[in-house]
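# Chains, contacts and geometry: an overview
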Amino acid sequence: MTILTEQSFEGFLSAVFEAFRLKLPVQRIVAENIYSPQMFEDTHAITTNFENAARVWNGMQKNAGKNIAFMVQAAYLSELPEMEISLWEYVKGIFINPENAQNTLEPHTHAVFKTANKVKAESHNIKGFVRFQKAENDLMVAVIEPTYNVVNLLAEHFANRFPNMQWMIIDAKRGIGIHYDCREVYEICGDAAEIPQINDEFVALWKGYYQFANIKERKNPKLQRRCLPVKYWKHLTEMG
Amino acid sequence: MEILQKLEILAGAAKYDVSCSSSGGCRTTQRGGFGNSCPAGVCHSFTEDGRCISLLKILLTNVCIYDCAYCANRKSNDTPRATFKVEEVANLTIEFYKRNYIEGLFLSSGVIKSPDYTMEALIRVAKSLREEHKFGGYIHLKAIPGADPDLIALAGYYADRMSVNIEIPSEPSLKMLAPDKDFESVYSPMNRLRVKILEHKGNLKKRGLKKFVPAGQSTQMIVGASPENDLHIITLAAGLYKVQELKRVYYSGYIPINTDNRLPVISQPPLKRENRLYQADWLMRFYGFTHDEILDKNNPWLDPEFDPKMAWALRHPEFFPIDLDSASYEEILRVPGIGVRSAKFIVHSRRFGHIRLEHLKKMGVALKRAKYFLVNPDIPREWQKLYPEQIKARLAVVPKKAVLPSLF
Ligand code: SF4
């Protein structure tokens, strides 16, 4: 049976809750908006229920710890289609047999951990690759296009770092973003991505610095590309 | 002079200091201020040489009263000179930081007037950033050799990390190449910092105590400008880690900047050697190897063909094969091709069942190298009976990837 959900982590957790409760024979979990019907497929749509989602979330924390719950969330944010079934099996396992939650010899667990670590690694790297540009009204705006859906994972880092600065980080790939108004971080839709940039004198200084810091005699573009994958260059001020 | 021009001169002159790390910090944002640092550090960009940019790395000035043979700023060089004002450095740091270009500032300097005078100037910058601008980002300050230890200790209240560069790994060579310096001028600030860092660690629980160099000290040695062998260098490094309690020792392959008959003539910086030294350094810091296990009197140079861990394994067939089901974490770490992460993974996972070859593959173990050193039902038994020479021959046919690991 294919379970249809809303495309959100809460939607996914709601589906896990219902499917577990009803003992549904889950074969696939797909977000409704990207689902294309297949012949002879038995589907079951589950609407998002924040209370149920919270119960699964808290239950995971209680049974297996905060870290594990975060691993599940991170793996979900990979948005990889094959992830949802591994996550379903894994989360189910947390409730049936919590001692086994750390057993990475088990293929689903391994898949979840491996993917979660990739997502966490990307969100760490992006913390360095975000580039703010001055826009109107002293708002600082950055655009990113991460492989995984990590923009929300950046909120705390930048809110702590710049508590008195208004900033916005837009994920141009997904049309979403976060906005901080010196008090709280809000999730936004990225239609506001077209923000007029003010001529920023520090861009030229930074571009200059980037060139001055390079040692010609040590040229090693291969290493550079491995550390700083080309897919991120588009939004790096110093590369433009 | 325009800021951009100054930046060109003073970033260009600072780039040879290889330390770039922004790790080990633990500052939280001050009230009304901005900026913090996290223990893991963050890389913001990578230059074409593959080195990470995490800090705005500049000199306060490249004017210098000294004449070190290996240095671009030595007084006998005819090169454009520039000096930043305190406010210029603070402003650049802050504005770069707010755009998330950097994690903080790395500030070094040529020696103007005297070591004390220079050290005071560096302190003024750090103090302005911390106190006037309430900047909580990372600050790495250079301790100027020969400066009054009290001044250096004062700097430590503003910096996250400090470093005094040894530059030349033996005193006779140092004296020859840098006539104004000796080991004493390097070790005395280093010692002062070490003692003070220790004191502060002991008093950690006292509330309200100001942080003192929370990310510790580091140093740098130039490799290949003087004749010392690798054994000498890693022995020195081991002492720096153990006795001086440094957080990092950096190795910088010598790049000829000046022509000077006290210096060797080379066409390429010794990058391979530098890479091997970093690998040896990692073995000492994370793999439980001691310097005299990695090299000894009969083998004073690191092998260009095999990484130091493989070289050790080939010299110690009696240690292998290792059984992953029963070996200790420390033993597993010694298997070529198994890194810290995989070793932890193995110790963690084996509680749940046997580790099979497919698991090792999934974990990212380099089986090409590891397979000769393991007991495992999936590995042919005769592989464990091979002599080192036979293993060497088999390893040699594996096409080598010529990429430098990023260790900075
Ligand atoms: S003291 Fe430092 S800046 Fe001055 S010449 Fe020597 S190495 Fe260069």
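Our structure is the block above this text.
Numbers given to residues run from 1 along each chain, matching the order in which its sequence is written. Labels are handed out in written order, letters beginning with A for the chains and numbers beginning with 1 for the ligands. With pLDDT at 70 or above as the cut-off, local features in this predicted model cover only qualifying residues; side-chain atom pairs require 80 or more to be listed or tallied, and sums for whole chains, interfaces and linings still use all residues. Hydrogens and water are ignored here; the side-chain numbers use all heavy atoms of the structure.

### What about the interface of chain B and chain A?
Basically, it comes down to this: The contact definition used throughout considers only heavy atoms, calling two residues in contact when any of these lie within 4.5 Å. Summed over both partners, buried area is the accessible surface (1.4 Å probe) that two parts give up on being assembled. The salt bridge definition used is simple: a Lys or Arg side-chain nitrogen within 4 Å of an Asp or Glu carboxyl oxygen. Polar contacts here mean pairs of N or O atoms no more than 3.5 Å apart (in protein, one a potential hydrogen donor and the other a potential acceptor; neighbouring residues in sequence count only if both atoms are side-chain atoms). Helix and strand definitions follow DSSP, with helices as H or I runs of at least four residues and strands as E runs of at least two, each counted in order from the N terminus. Polar here means any residue outside two lists: the nonpolar Ala, Val, Leu, Ile, Met, Phe, Trp, Tyr, Cys and Pro, and the charged Asp, Glu, Lys and Arg; Gly therefore counts as polar.
Chain B puts 64 residues into the contact, and the matching count from chain A is 53 residues. With both sides pooled, the region where chain B packs onto chain A buries about 5100 Å², and carbon together with sulfur makes up 60% of that total. Contact with chain A buries area across many residues of chain B, yet Glu48(B), Arg99(B) and Tyr101(B) alone supply 14% of it, more than any other trio. The interface formed by chain B and chain A contains 4 salt bridges. The tally of links between chain B and chain A comes to 27 residue pairs in polar contact (both at pLDDT 80 or more). Taken together, the elements giving at least two residues each to the side of chain B that touches chain A come down to helix H1 (3–12), strand S1 (45–46), strand S3 (55–59), helix H2 (86–98), helix H8 (271–286), helix H12 (340–349) and helix H13 (357–363) of chain B. Looking at side-chain class alone, the side of chain B that touches chain A contains 29 nonpolar, 21 polar and 14 charged residues.

### Section: the packing of helix H3 (residues 66–77) of chain A against helix H5 (residues 107–129) of chain A
For any two helices packed against each other, the geometry comes down to the angle between their axes and how far apart the axes lie. Residue and element names in this part refer to chain A. What counts, and what does not: All axes are obtained by fitting lines to C-alpha atoms, using only the stretch in contact for helices, and the reported angles, taken between N-to-C directions, cover 0 to 180 degrees. Oblique is the label for every angle not falling under 35 degrees (roughly parallel), over 145 degrees (roughly antiparallel), or within 65 to 115 degrees (roughly perpendicular).
Running from N to C, H3 and H5 point in directions that differ by 75°, and their axes come no closer than 8 Å. Judged by the angle between their axes, H3 and H5 are roughly perpendicular. Contacts between H3 and H5 involve Ile68, Phe70, Met71, Ala74, Ala75 and Leu77 from the former and Val112, Phe113, Thr115, Ala116, Asn117, Val119 and Lys120 from the latter. Of the residues in the contact of H3 with H5, the class split is 10 nonpolar, 2 polar and 1 charged.

### Side note on the packing of aromatic side chains
Residues and elements named next belong to chain B. This is how the line gets drawn: Side-chain rings of Phe, Tyr and Trp, where Trp is taken by its six-membered ring, are said to pair if the distance between their centres is within 6.5 Å; with planes under 30 degrees apart they count as stacked, over 60 as edge-to-face, and otherwise as tilted. Burial classes: relative accessible area under 20% of the type maximum marks a residue as buried, over 50% as exposed, and values in between as partly exposed (1.4 Å probe, protein chains only). We count a charge as sitting over a ring when the NZ of a lysine or the CZ of an arginine lies within 6 Å of the ring centre and within 35 degrees of the ring normal.
Per the stated rule, a full pass over the model turns up 32 aromatic pairs over all chains. Plain terms: the ring middles of Tyr251 and Tyr278 are 5.2 Å apart, the flat faces sit at 85° to each other, and that makes the pair edge-to-face. Taken together, the residues Tyr251 in strand S8 (residues 248–253) and Tyr278 in helix H8 connect sequence positions 27 residues apart. There is no split in this pair, since Tyr251 and Tyr278 are both buried. Between Arg334 and the ring centre of Phe289, over which it is positioned, the NZ or CZ distance is 3.8 Å. Positioned above the aromatic ring of Trp312 is the side chain of Arg334, whose terminal nitrogen or guanidinium carbon lies 4.7 Å from the ring centre.

### Some thoughts on the packing of helix H1 (residues 9–21) of chain A against helix H4 (residues 83–96) of chain A
All names here are of chain A. Note the threshold: Here is the rule for handedness: rotate from the far helix to the near one, and if that takes an anticlockwise turn smaller than a right angle the crossing is left-handed, while a clockwise turn gives right-handed.
Taken N-terminus to C-terminus, the directions of H1 and H4 make an angle of 60°; their axes are 11 Å apart at the nearest point. The orientation of H1 with respect to H4, classified from their angle, is oblique. Seen from above, H1 lies across H4 with right-handed handedness. Touching Phe12, Val16, Ala19 and Phe20 of H1 are Glu84, Leu87, Trp88, Val91, Lys92, Phe95 and Ile96, all from H4. When its residues are assigned to classes, the contact of H1 with H4 shows 9 nonpolar, no polar and 2 charged.

### As for a nonpolar patch on the surface
Using the following cut-off: What makes a patch is a set of residues exposed beyond 30% relative accessible area and free of salt bridges, joined within 9 Å when like-charged and within 5 Å when nonpolar (Val, Leu, Ile, Met, Phe, Trp, Tyr). The protein chains shown are the only cover counted for residues, whose accessible areas, like all others here, come from Shrake-Rupley with a 1.4 Å probe.
Together, Phe20(A), Phe95(A) and Ile96(A) make up a nonpolar patch on the protein surface, roughly 280 Å² of accessible area in all. As for its placement among the helices and strands, Phe95(A) is situated in helix H4.

### Re the side chain of Ser185(B)
Among the structural elements, Ser185(B) can be located in helix H6 (residues 183–202). Among all residues touching Ser185(B), those that are not within four sequence positions of it are Pro145(B) and Gly146(B).

### Digging into the nonpolar core
All names here are of chain A. Where we set the bar: The definition of a nonpolar core used throughout is a set of buried Ala, Val, Leu, Ile, Met, Phe, Trp, Tyr and Cys residues joined through side-chain atoms within 4.5 Å.
Among the nonpolar cores identified, the biggest contains 195 residues, and Trp167 and Ile169 are the most heavily contacted of them. If near-sequence neighbours (up to four positions away) are discounted, Trp167 is found in contact with Phe132, Leu139, Met140, Ala155, Phe158, Ala159, Phe162, Ile178, His179, Tyr180 and Val185. Residues Ala135, Met168, Ile170 and Ile188 belong to the second largest nonpolar core, which totals 6 residues.

### Details of the pairing of strand S7 (residues 217–223) of chain B
All names here are of chain B. This is how the line gets drawn: Any two strands are treated as partners once DSSP identifies two or more bridges connecting them.
Burial analysis of S7 places 7 of its 7 residues in the buried class, which makes it a mostly covered element. Taking every second residue as pointing to the same face, both faces of S7 are buried, with Gln217, Thr219, Met221 and Val223 on one and Ser218, Gln220 and Ile222 on the other. Of the pairings in the sheet, the one linking strand S6 (residues 161–163) to S7 comprises 2 bridges and is parallel in character. For Met162, the partnering residue across the bridge sits in S7 and is Gln217.

Take it as geometry only, folks, not as evidence of what the structure does.
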